[in-house]
Amino acid sequence: MMGRLWLGASLGTALALAGTVPGHAGPATAAAGIISTVAGGVGGPGLATRVSITTPGDITFSNGSLYVAAGGSVREVSPQTGQLTTPVGNGTGTESPSGGDGGPGIQSSVDDAYGIAAGPSGSLILSERDIDNSRVRMVAGSTGTFYGVRMTRGDIYTVAGGGRGADGGPAVDASLVKPAGITVDGAGNLVIADSGHSRVRVVAGSTGIFYGQSMTAGDIYTVAGNGTVGFSGDGGPATSAELATPLGVRFDGAGNLVIADAANNRVRVVAGSTGTFYGQAMTAGDIYTVAGNGTQGFSGDGGPATSAGVDPVAAVTDGAGNLVITDSINFFTPNKHSNRVRVVADSTGTFYGQAMTAGDIYTVAGKNTEGFSGDGGPAVGAKLGAPSGVAVDGAGNLVIADTGNNRVRVVAASTGTFYSQPMTADDIYTIAGNGQGMYDHNLGTGGVSGDGGPATHAELSLPEGSGQERVAVDGAGNLLIADTANNRIRVVAKSAGTFYGKPMTAGHIYTVAGSGQEGFSGDGGPATSAGLSLPNGVAADHTGNLVIADTFNQRVRVVAGSTGNFYGQAMTAGDIYTIAGTGNPGFAGDRGPAVDAELNYPQGLAVDSAGDLLIADMFNGRVRVVAEHSGRLYGRKVTAGDINTVAGGRRKFSGDGGPAVGAGVPVPQDVAMDQVGNLVIVSDGRVRVVAVRTGTFYGQAMTAGDIYTVTGTGGLGFSGDGGPAAGAELNQPHGVTVSAAGNLLIADSDNCRIRMVAGRTGTFYGQPATAGDIYTVAGDSPLDGISGCLGGNEGFSGDGGPATGARLDSPTGVAVDRAGDLLFADSFSERIRKVAA
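Only a predicted model underlies this, so the values are computations on that prediction, with no experimental measurement involved. (Residues numbered from 1 in each chain as written. Predicted model: local features only at pLDDT ≥ 70, side-chain atom pairs only at ≥ 80, totals over all residues. Heavy atoms only, no water.)

If you tally the helices and strands in the protein chain, you get one helix and 71 strands. Relative to the compact-globule value of 28 Å for 837 residues, the protein chain shows a C-alpha radius of gyration of 29 Å, a close match. With the principal axes as the frame, the protein chain shows a C-alpha extent of 90 × 55 × 45 Å. The buried share of the protein chain, reckoned over its 837 residues, is 62%. (Helix = DSSP H or I, 4+ residues; strand = E, 2+ residues; numbered from the N terminus. Rg over C-alpha atoms; globule rule 2.2 N^0.38 Å. Buried < 20%, exposed > 50% of the residue type's maximum accessible area, 1.4 Å probe, protein only.)

Written out as structure tokens, the structure is:
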């Protein structure tokens, strides 16, 4: 969580509500304080090629389905229909070690799913490779005891890892480090590539003698590797050999254990019985190299496999007994992947359209150049992106996890129809993923999908270190989402109709701005063809236009809701225009036309009742206004269409009780307007107010144009709940809004809470509150006595129950609709959620 602190200071987000979202998501009669999801999730169910899959790792085929381990979930793809479902994981990832253990697998948090295997009684087993959550978990296919753990059908359980124990004891108490590939042998034992310990280990499925060792059900044992990183031991006992970051494990048709010994640049075999395999005489329990000469990089095609250079990630045998290798990862030159799938022929013959000699190695898919190309043509001419997992499906097709391209692809074994696509033998096709996932993003789905379908089946994208979603509502009640890392603005339609030039169905989601390509382009043309750059803010103005903080383009832009003249420009409905900022990061232009001004990473936006546009100009440490009318605003004389500073100007916090212009308002994250027109600002761990007129607000006497702190100390902590807001601590607050009841609602991001400063005494979101005091209204209690996210209670849970019992993950904004329901962007869960009033 500490790695997110810079993000909070620089790219924080909020929800700026210019309208209402009555009845969005969840039952209209939900009890007060109940939480639900409005938009976002894992994507699907739907056609697999239309759903984003983030960094697919291992893949396996079992019981007629293809299973893919991908980021925060396991995806299932039907070879018959090409449809995708998500049987395991909610797509969020987690830094909590439990991640939903003992609950439904479909609702669990999965952190960096890497390996996948079919287990006993229809179960699914997956490895989580995150360094803090190194464990292997199982979703039970039936109720019973497996690997020493009592399980209920459909629920998820840890079966190995999470402790500090060693070999010979319970697997659930053992220490694993970055477990990678997993598989299950013929006796039901679970085999794990414990990559960080440079071992291959086994969790016994039953008590007996396996791999020459006496084993007890549920206990863990090493079957290859001695724990020393290196290369040694060929021709001798596997447990005495040295391995180096084993990544993949599978069994061949003869029962031999095949290991992708990645950092040794070899594929090795532990013989399951004594005999001749891969052209070598082998003794049961001993280890042998069958491919790779130990040299990094690609070489050797058409010659003996043991003389070739390989960078193996995974290996599997096909129906003909050939050894198939994803030749991808290069530990010493990470950007120099081989980007190939290669085959070691088991016998002399023709395979994958090539004449092959037994024992020699050949490329069957990909070439050295990393990228994406070739669908519908010969696999050997296609480009792959760091392929990892490989499997053979029931029709004999070769299935590849094309990791860097966020796709799963197939090399057809024969001409026919597979995954609902006509295919030609030896050609390559995408069967899952739309390529939109963010590379190496393990905290969420990290992609875009779902346009034209239900919003709760869509994917939003927020990779760590980029941006965060904001929401707003237009005059028709449509929910607007800044889908930041997807470089899009999306709409969830409140009712059926045509909005922003698109026919929409109630409850469905649509892109209304942004092509998905990062950059600046498109002014004066259709908004959906324009380039945006990590847009961090969105609002709707009083004439129905969509206003965008195009943050990394250093501009504020408008999508016209209708044809007419706005912000001094003639606009066409559905087209996009710049209304503030030149594109150069800096500070210039006050008291002149907004289009000629320099902005410095604009963030939050708000529109006041007169139509003035407020901008949180983050790295300039200012809040600026584009005036709708000439006159006086916050004590300053303004001219229509010009831009002016209304708060800030100094680098460090200062100025409470004095003029807002010239005060220190560091890195303002968000802005909002309260009912009387006061300007509310989130900045530097505080929520502050610029009074629009002289009076008493938030329990303080205020003078028009002056600035005051309402809550927050500027430190990083959590305190104050149930007491006066003025003394409370916040932890990287990112967003703020004010409800119709006068309650101040704050996204206390790094405390993983939404908090409320009560505007009056009453009951709100199911909680009794006293005017001027602060309360948590969403997010669960600290764990281990440590506050907020730092206490480990970040994550995603709780839909359908009390919001104060739910887990949130870096919420970055808040808003309230006409019904009083609380909306917020649960950023690292990549969802927009709602708490019923």
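On to the sheet that holds strand β8 (residues 124–128). The strand order across the open sheet formed by four strands is β7-β8-β9-β12, and the pairing between neighbours is antiparallel. Either end of the sheet is taken by a strand with one partner, and the two such strands are β7 (113–118) and β12 (156–161). Each adjacent strand pair in this sheet contributes to an overall mean axis angle of 25°, direction not counted. Relative to β12, strand β9 (residues 135–139) is paired through five bridges, and the arrangement is antiparallel. (Pairing = 2+ DSSP bridges. Axes fitted to C-alpha atoms, helices over the stretch in contact; angles between N-to-C directions.)

Attention shifts here to the side chain of Asn 486. Locating Asn 486 in the fold gives a position in the loop between β38 (479–483) and β39 (488–492). Here the side chain of Asn 486 touches Asp 483 through a polar contact of 3.0 Å, side chain to side chain. (Polar contact = N/O pair within 3.5 Å; in protein donor to acceptor, adjacent residues only side chain to side chain.)

Buried residues dominate strand β13 (residues 179–184), accounting for six of its six residues. As paired strands, β13 and strand β14 (residues 190–194) are joined by four bridges and run antiparallel to one another. By the bridge assignment, Ile 182 is partnered in β14 with Ile 192. Here β13 hands over to β14 after five residues, with Gly 188 in that stretch at a positive phi of 85°.

So, about the sheet that holds strand β18 (residues 220–224). Spatial ordering of the open sheet is given by β13-β14-β15-β18, a layout of four strands whose pairing is antiparallel. Each end of this open sheet is capped by a strand with a single partner; those strands are β13 and β18. Direction aside, the axes of adjacent strands within the sheet are offset by 30° on average.

Counted under the stated rule, the structure contains two aromatic pairs. When the ring of Phe 552 is compared with that of Tyr 601, the centres are 5.0 Å apart and the planes differ by 80°; the resulting orientation is edge-to-face. Taken as a pair, Phe 552 in the loop between β44 (546–550) and β45 (555–559) and Tyr 601 in the loop between β49 (592–593) and β50 (602–607) lie far apart in primary sequence, 49 residues in all. The class of Phe 552 is partly exposed, set by a relative accessible area of 31%. (Phe/Tyr/Trp six-rings, centres within 6.5 Å; stacked < 30°, edge-to-face > 60°.)

On to empty space enclosed by the protein, then. Empty pockets left among the atoms are what a rolling probe the size of a water molecule brings to light. One pass over the structure, following the stated rule, counts two cavities of 30 Å³ or more. Empty space within the largest cavity amounts to approximately 100 Å³. Lining the largest cavity are 15 residues, with Asp 58, Gly 248, Arg 250, Val 313 and Ala 314 sitting closest to its centre. Secondary-structure elements contributing two or more residues to the lining of the largest cavity are β3 (56–62), β19 (246–251) and β25 (312–317). Class assignment of the residues belonging to the lining of the largest cavity gives a composition of eight nonpolar, five polar and two charged. (1 Å grid on protein atoms, 1.4 Å probe; cavity = no way out; pocket = protein on both sides within 12 Å on 5 of 7 lines; lining within 4 Å. Points joined across faces, edges and corners; volume = space filled by probe spheres on them. Nonpolar A, V, L, I, M, F, W, Y, C, P; charged D, E, K, R; others polar.)

Of all hydrophobic cores here, the largest spans 23 residues; its most connected members are Val 200, Met 215, Ala 224, Val 249, Leu 257, Ile 259 and Val 270. Listed by contribution, the elements that provide at least two residues to this core are β14, β15 (199–203), β18, β19 and β20 (257–261). With three residues, β18 is the single largest residue contributor to this core. Non-local contacts of Ala 224, meaning those with residues more than four positions away in its chain, are made with Arg 199, Val 200, Ala 238, Thr 239, Leu 243, Ile 259 and Val 270. (Core = buried A, V, L, I, M, F, W, Y, C linked by side-chain atoms within 4.5 Å. Contact = heavy atoms within 4.5 Å.)

With that out of the way, let us pick up the confidence of the model for the protein chain. When the pLDDT values of the protein chain are averaged, the result is 88; 91% of them are 70 or greater. Note that pLDDT drops below 50 for residues 1–28; the model gives that stretch 126 contacts with residues more than four away or on any other chain. Note on residues 439–445: pLDDT under 50 across the span, and 38 contacts to partners over four residues away in sequence or across chains. (pLDDT = per-residue confidence, 0-100.)

Within the structure shown, the criterion is met by 26 salt bridges. In this structure, the salt-bridge partner of Arg 409 is Asp 402, at a minimum N-O distance of 2.9 Å. Since its relative accessible area comes to 0%, Asp 402 is described here as buried. Taking the shortest distance from any N to any O, the salt bridge between Arg 833 and Asp 799 comes out at 3.0 Å. Of the two residues, Arg 833 sits in strand β71 (residues 831–835) while Asp 799 sits in the loop between β68 (774–778) and β69 (811–816), which places them 34 residues apart along the sequence. Among the residues examined, Asp 799 registers a relative accessible area of 37% and is labelled partly exposed. In the salt-bridge network here, residues are joined through shared partners; they are Asp 101, Glu 128 and Arg 137. (Salt bridge = Lys/Arg side-chain N within 4 Å of Asp/Glu carboxyl O.)

Right, let's talk about the environment of Gly 181 for a bit. Examined against the element boundaries, Gly 181 turns out to sit in strand β13. What makes Gly 181 buried here is its relative accessible area of 3%. For the pair Gly 181 and Ala 217, spaced 36 residues apart in the sequence, the C-alpha separation amounts to 21 Å. The contact partners of Gly 181, leaving out residues within four places of it in the chain, are Asp 58, Tyr 114, Val 191, Ile 192, Ala 193, Leu 247, Gly 248 and Val 249.

This brings us to the environment of Gly 89. Along the polypeptide, Gly 89 turns up in the loop between β6 (83–88) and β7. Discounting residues that sit within four places of it in the chain, Gly 89 has contacts with Val 42, Gly 72, Ser 73, Gly 105, Ile 106, Ser 108 and Val 110.

On the secondary structure map, Ala 140 appears in the loop between β9 and β10 (144–146). For the pair Ala 140 and Arg 153, spaced 13 residues apart in the sequence, the C-alpha separation amounts to 4.9 Å. Apart from the residues within four sequence positions on either side, Ala 140 is in contact with Ser 123, Met 151, Thr 152, Arg 153, Gly 154 and Asp 155.

Going from Gly 44 to Pro 45, the amide bond is cis rather than trans, its omega being 0°. Despite not being glycine, Tyr 500 shows a phi value in the positive range, around 50°. Along the chain, Tyr 500 falls in the loop between β40 (497–499) and β41 (502–504). At Tyr 765, a residue that is not glycine, the phi angle is positive and equals roughly 55°. If you trace the backbone, Tyr 765 turns up in the loop between β66 (762–764) and β67 (767–769).

Among the six residues of β50, six are classified as buried, and the element is accordingly described as predominantly covered. In the sheet, β50 pairs with strand β51 (residues 613–617) via four bridges, with the strands oriented antiparallel. Note on β51: the bridge partner recorded for Pro 602 is Asp 617. Connecting β50 to the next strand, β51, in antiparallel fashion are five residues, including Gly 611 with a positive phi near 90°.

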